[in-house]
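For reference, the chains in residue letters:
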Amino acid sequence: MIEALLAAIIESPEEDAPRLVYADWLQAQGDPRGELIQLQCQLSAAPDDERRRAIRIAENKLLAAHGAAWLAPVREVLPEPDPVVGHKLELVRGFVERAQLTVDCVPAFAALWERAPLLRALRLSASVMLELPVKKPSLDRVFEAPQLARLRELELMFGGAGNAGAKAVARASHLSGLRSLQLSFSVWGEGAGIFERGEEDLALDDDGVRELARSPHLANLE
């Protein structure tokens, strides 16, 4: 039964109904995550009033008591987080749907989506550079995981990736499911001085934008 319930949720991630059926099952087992699913489903529709604030308070109490345990199976497949940037996982309607990760998590993507099959919004950033000069970031191997096809929102924070980063995004066939894409690829002025001597094209300009606009893999962007 449990496998069928989870399969129904994964098959219809936008729908509340399968999640609420699963929530009822969890509550029947005495699992407080069932209450979290119910509360977060209510939050997605509740107006910004006293009732919404009461729901948010109840949600925060559940997350404070159980959030670390609920997220632990996902965190354990990720590398040790960067002490400055760290990793952030967000439960949406009871499941990990949003994440902020660093690029060193890319090799763990297959395991990540196995544990968090409903992950649909990702903010990915370069690891913190503690040594100078800084190397220009490369995205050539970032988009190889087929699990990226499940994403609907992607934000990439790779200052200095410039037009080369845009071309890597434009070539990424696994990003065809994206509806939202945000890129922070540019470094200019004094900021360019921290990069290795001879590094060029640290900014995203019209050439990179044209590559993105022509990409057949980004046709679903809204």
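For the structure, check the block above.
Residues numbered from 1 in each chain as written. Predicted model: local features only at pLDDT ≥ 70, side-chain atom pairs only at ≥ 80, totals over all residues. Heavy atoms only, no water.

Engineer: What is the right way to read the overall build of the protein chain from this model?
Structural biologist: A tally of helices and strands in the protein chain yields seven helices and five strands. Counted from the first residue to the last, the protein chain has its helices and strands arranged as α-α-α-α-β-β-α-β-β-α-β-α. For the protein chain, the spread of C-alpha atoms along the principal axes amounts to about 65 × 35 × 35 Å. Going through the 222 residues of the protein chain one by one, you find that 39% of them count as buried. (Helix = DSSP H or I, 4+ residues; strand = E, 2+ residues; numbered from the N terminus. Buried < 20%, exposed > 50% of the residue type's maximum accessible area, 1.4 Å probe, protein only.)

Engineer: How should the sheet that holds strand S3 (residues 121–125) be read in this particular structure?
Structural biologist: Strand pairing within a sheet occurs via backbone hydrogen bonds; the two strands may be parallel or antiparallel. The strand order S1-S2-S3-S4-S5 describes an open sheet built from five strands, whose pairing is mixed. One side of each edge strand has no neighbouring strand; the edge strands of this open sheet are strand S1 (88–92) and strand S5 (180–184). In this sheet, neighbouring strand axes are inclined to one another by 10° on average, regardless of whether the strands run parallel or antiparallel. Where strand S4 (residues 153–157) and S5 come together, five bridges link them in parallel fashion. (Pairing = 2+ DSSP bridges. Axes fitted to C-alpha atoms, helices over the stretch in contact; angles between N-to-C directions.)

Engineer: Even after reading the chapter, I still don't get the packing of helix H1 (residues 2–11) against helix H2 (residues 17–28), so can you show me in this structure?
Structural biologist: For the pair H1 and H2, interaxial distance at closest approach is 8 Å and the crossing angle is 150°. By the angle between their axes, H1 is roughly antiparallel relative to H2. Crossing geometry of H1 relative to H2 is assigned as left-handed. In contact with Ile2, Leu5, Leu6, Ala8 and Ile9 of H1, H2 contributes Pro18, Arg19, Val21, Tyr22 and Trp25. Taken together, the residues of the contact of H1 with H2 sort by class into nine nonpolar, no polar and one charged. (Parallel < 35°, antiparallel > 145°, perpendicular 65-115°, else oblique. Left-handed = near helix turned anticlockwise from the far one by under 90°. Contact = heavy atoms within 4.5 Å. Nonpolar A, V, L, I, M, F, W, Y, C, P; charged D, E, K, R; others polar.)

Engineer: How should the side chain of arginine 120 be read in this particular structure?
Structural biologist: The topology assignment puts arginine 120 in the loop between helix H5 (109–115) and S3. You can call arginine 120 buried: its relative accessible area is 15%. Sequence-distant contacts of arginine 120, that is, excluding residues within four places in its chain, are made with Pro13, Glu14, Arg93, Glu97, Arg150, Leu151, Arg152 and Glu153.

Engineer: How do you make sense of the packing of helix H3 (residues 33–43) against helix H4 (residues 50–75) when you look at a structure like this?
Structural biologist: Contact pair H3 / H4: the axes reach a minimum separation of 9 Å and the direction vectors enclose 140°. Seen from above, H3 lies across H4 with left-handed handedness. Here Arg33, Glu35, Leu36, Leu39, Gln40, Gln42 and Leu43 of H3 come into contact with H4, specifically with Arg51, Arg52, Ile55, Arg56, Ala58, Glu59, Leu62, Leu63 and Trp70. Class assignment for the residues of the contact of H3 with H4 results in eight nonpolar, two polar and six charged.

Engineer: Sorry, what's going on with the nonpolar core here?
Structural biologist: Proteins that are soluble and globular tend to have nonpolar side chains buried together. If you look at the biggest cluster of nonpolar residues, it comprises 46 residues, and the most contacted ones within it are Leu101, Phe109, Leu139 and Phe143. When contributions to this core are tallied by element, the ones reaching two or more residues are H3, H4, S1, strand S2 (95–102), H5, S3, S4 and helix H6 (162–170). Examining the composition of this core, we find that five residues originate from one element, H4, more than from any other. With sequence-adjacent residues up to four places away left out, phenylalanine 109 is seen in contact with Leu101, Leu122, Leu124, Val142, Ala145, Gln147 and Leu148. Among the nonpolar cores identified, the runner-up in size contains nine residues, and Ile9, Ile37, Cys41 and Phe95 belong to it. (Core = buried A, V, L, I, M, F, W, Y, C linked by side-chain atoms within 4.5 Å.)

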